[in-house]
Amino acid sequence: ELKVEQNPLFLSMQEGKNYTIYCNYSTTSDRLYWYRQDPGKSLESLFVLLSNGAVKQEGRLMASLDTKARLSTLHITAAVHDLSATYFCAVDKVDSNYQLIWGAGTKLIIKP
Amino acid sequence: DAMVIQNPRYQVTQFGKPVTLSCSQTLNHNVMYWYQQKSSQAPKLLFHYYDKDFNNEADTPDNFQSRRPNTSFCFLDIRSPGLGDAAMYLCATSRPGLAGAYEQYFGPGTRLTVT
């Protein structure tokens with residue numbers, strides 16, 4: 001069964017701290033997507049990682065992809081309250097690359 | 001700005017009363033998706049269209065139907081809503097991009113309440 005597993009599922013942290021969210025997947029896909037969702041809102045694309053070793057950064061967020069380990073990480077540097085949201089990772093279905101298999105999401109709360 | 005638009009943003013319907021949700025896009029993307037998302041869960045794909053080809057997920061209830069009359073518009077019909085159908089309904093679009101990636105762009109969603 002194709003799986004995308006995120007951990008942790010819930011993370012509460014203090015402003016100014018660093019932390020990493022992990023996304024493991026069981027497919028052979030080499031494309032991985034990170035999305036952000038604010039409470040009661042829709043999903044916003046953050047990063048598209050297209051190959052092994054890909055690294056992308058936007059502000060305090062940095063995402064990387066290791067296709068050999070089937071692992072992506074989303075690293076948060078010096079967290080600020082505005083980054084509080086739920087973060088989803090997703091990978092392409094192998095037999096249908098325009099469909100995604102989603103992780104369960106990581107709910108991140110950053111306390112002032 | 002190019003975007004994905006959903007109407008209405010909030011819909012209240014009675015148990016068993018048909019409802020239609022709409023989605024339009026100005027991105028000229030060839031793939032459109034309907035997702036259902038319940039609180040604290042990942043989005044669940046209901047249907048997608050690749051160009052005119054319609055694809056129904058195996059576990060999408062028969063109560064849900066969809067129409068795509070043209071490239072820009074897509075509708076989700078819920079024939080007889082039950083209490084369990086209360087959720088956020090998200091429309092998304094995509095097209096092939098760099099390295100064949102289909103990054104999905106989401107509309108703001110329609111929050112459906114069933115009374």
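In what follows, the accompanying structure is described. In this text, all values refer to a predicted model and were calculated from it rather than measured experimentally. (Residues numbered from 1 in each chain as written. Chains lettered and ligands numbered in written order. Predicted model: local features only at pLDDT ≥ 70, side-chain atom pairs only at ≥ 80, totals over all residues. Heavy atoms only, no water.)

**Structural notes on the state of the cysteines**
Per the counting criterion, the structure on display carries two disulfides over all chains. Two residues share a disulfide in this structure: A:Cys23 and A:Cys89, whose sulfurs sit 2.0 Å from each other. When the S-S torsion is 85 degrees, as for the bridge of A:Cys23 with A:Cys89, the disulfide is right-handed. Here A:Cys23, found in strand S3 (residues 19-25), pairs with A:Cys89, found in strand S9 (residues 85-93); they are 66 residues apart in sequence, far enough to count as distant. A:Cys89 sits in the buried class, given a relative accessible area of 0%. Covalent S-S linkage joins B:Cys23 and B:Cys91, the inter-sulfur distance amounting to 1.9 Å. The chirality of the disulfide connecting B:Cys23 with B:Cys91 is left-handed, given an S-S dihedral of about -70 degrees. With B:Cys23 in strand S3 (residues 19-25) and B:Cys91 in strand S9 (residues 87-94), this residue pair connects regions lying 68 residues apart in the sequence. (Disulfide = S-S within 2.5 Å. Helix = DSSP H or I, 4+ residues; strand = E, 2+ residues; numbered from the N terminus. Buried < 20%, exposed > 50% of the residue type's maximum accessible area, 1.4 Å probe, protein only.)

**A short note on the pattern of salt bridges**
Pairing between side chains of opposite charge can happen when the charged atoms of each approach one another. Residue and element names in this part refer to chain B. As enumerated under the stated definition, the model contains four salt bridges over all chains in all. In this structure, Asp59 engages Lys44 in a salt bridge whose closest nitrogen and oxygen atoms are separated by 3.4 Å. Linking Asp59 in the loop between strand S6 (53-56) and strand S7 (64-67) with Lys44 in strand S5 (residues 44-50), this pair joins segments that are 15 residues apart in sequence. Taking the shortest distance from any N to any O, the salt bridge between Arg67 and Asp77 comes out at 2.8 Å. Here Arg67 is found in strand S7, whereas its partner Asp77 is found in strand S8 (residues 73-78), with ten residues between them in sequence. (Salt bridge = Lys/Arg side-chain N within 4 Å of Asp/Glu carboxyl O.)

**Examining the interface of chain A and chain B**
On the side of chain B, 24 residues touch chain A, which itself brings 19 residues to the contact. Run the count over chain A and chain B and you get zero salt bridges. One can count nine residue pairs in polar contact (both at pLDDT 80 or more) joining chain A with chain B. Breaking the side of chain A that touches chain B down by element, the ones donating at least two residues are strand S4 (32-37), strand S5 (43-49) and strand S10 (96-102) of chain A. Among the elements that make up the side of chain A that touches chain B, the one with the highest residue count is S10(A) (five residues). (Contact = heavy atoms within 4.5 Å. Polar contact = N/O pair within 3.5 Å; in protein donor to acceptor, adjacent residues only side chain to side chain.)

Fair warning: the whole summary comes from geometry, so function is off the table for now.
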